[in-house]
Amino acid sequence: MVLKKYIQAIGIWFLIIPVAILNGGLREHVLVKLGDIALPLSGIILSIFIFFIAYLFIPRIKNCTSKDYIVFGVIWFILTNLFDLFMYISEGGDIRDLLKSYNFLDGNLWILVVITALLSPLLIVKINKRGCKNV
């Protein structure tokens, strides 16, 4: 069943949400004491956890092609941005706030986070070379 693997990939992405929320709490309550490094460090931490979640769970999705893993990454990229946009809107912001978060010159490494979400599924199977055809 083709749809099943995409549902599984979305299910794995949902594991990122609590990690992202906890990461935000860590940034606001602990890392902020480190000063200007708090925001970039938070982006690095979240990226590492996204990669780790992909490492643990993406190989469990069987009978996939490289195209499937690319689609998983695109889905994760879109869902990650939609989730962040939802968070901005819930705090009274809008899409401009999301777009501002792509400016890494102010220390925000959001672009690293979404690139990690985009590339992790494919990178993990390239690293593991298991559970996948034509990778």
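As the structure is a computational prediction, the values presented were derived from the model and not from experiment.

**Topic: the overall build of the protein chain**
In terms of regular secondary structure, the protein chain is built from six helices and zero strands. Taken from N to C terminus, the helices and strands of the protein chain fall in the order α-α-α-α-α-α. The C-alpha extent of the protein chain, read off along each of the three principal axes, is 45 × 25 × 25 Å. Taking the intrachain contacts of the protein chain between residues at least 6 apart in sequence as the baseline, contacts between residues at least 24 apart amount to 73%.

**With respect to the confidence of the model for the protein chain**
Residue-level pLDDT values for the protein chain average 93, and 95% of them are 70 or greater. Between the elements of the protein chain, mean pLDDT differs from a low of 93, seen in helix α5 (residues 95–100), to a high of 97, seen in helix α3 (residues 38–57).

**Comments concerning the nonpolar core**
Counting residues in each nonpolar core, the largest one holds 26 residues, and the members touching the most others are I50, I58, I61, F72 and W76. Breaking this core down by element, the ones donating at least two residues are α1 (2–14), α2 (16–29), α3, α4 (66–90) and α6 (110–128). In contact with W76, not counting residues within four places along its chain, are A9, I12, W13, I16, I50, A54, I58, A117, S120 and P121.

**Examining α2**
In a regular helix each residue adds 1.5 Å, so 14 residues correspond to 20 Å; α2 covers 20 Å between its end C-alpha atoms and thus fits that length. Taken together, the buried positions of α2 are I16, I17, N23 and G24. Down the axis of α2, the smallest arc covering the buried residues is 125°, so these residues share one side. Facing away from the buried surface of α2 by more than 90 degrees, the exposed residues are L22 and H29. Where α2 is buried, its residues meet α1, α3 and α4.

**Quick look at the side chain of N23**
Tracing the sequence through the fold places N23 in helix α2. Apart from the residues lying within four places of it in its own chain, the contact partners of N23 are S42, I45 and L46.

**Looking at the packing of α1 against α2**
For the pair α1 and α2, interaxial distance at closest approach is 4 Å and the crossing angle is 20°. Between α1 and α2, the angle falls in the class roughly parallel. For the pair α1 and α2, the contacting residues are I12, W13 and F14 in the first and I16, I17 and P18 in the second. Here the residues of the contact of α1 with α2 are counted per class, giving six nonpolar, no polar and no charged.

**A closer look at the pattern of salt bridges**
Scanning the entire structure with this criterion turns up four salt bridges. Ionic pairing is found between K5 and D68, a salt bridge with its closest N-O pair at 2.9 Å. A residue pair is termed long-range when its members are at least 10 positions apart, and K5 in helix α1 and D68 in helix α4 qualify at 63 residues. Each member of the pair, K5 as well as D68, carries the same accessibility label: buried. When the shortest N-O distance is used, the salt bridge between K100 and D97 registers 3.9 Å. Taken as a pair, K100 and D97 lie in helix α5 at a separation of three residues, close to a single helical turn. Residue classification places K100 among the exposed residues on the basis of a relative accessible area of 54%.

Rules and cut-offs
Residues numbered from 1 in each chain as written. Predicted model: local features only at pLDDT ≥ 70, side-chain atom pairs only at ≥ 80, totals over all residues. Heavy atoms only, no water. Helix = DSSP H or I, 4+ residues; strand = E, 2+ residues; numbered from the N terminus. Contact = heavy atoms within 4.5 Å. pLDDT = per-residue confidence, 0-100. Core = buried A, V, L, I, M, F, W, Y, C linked by side-chain atoms within 4.5 Å. Buried < 20%, exposed > 50% of the residue type's maximum accessible area, 1.4 Å probe, protein only. Expected span 1.5 Å × (residues − 1). Arc of directions from axis to C-beta. Axes fitted to C-alpha atoms, helices over the stretch in contact; angles between N-to-C directions. Parallel < 35°, antiparallel > 145°, perpendicular 65-115°, else oblique. Nonpolar A, V, L, I, M, F, W, Y, C, P; charged D, E, K, R; others polar. Salt bridge = Lys/Arg side-chain N within 4 Å of Asp/Glu carboxyl O.

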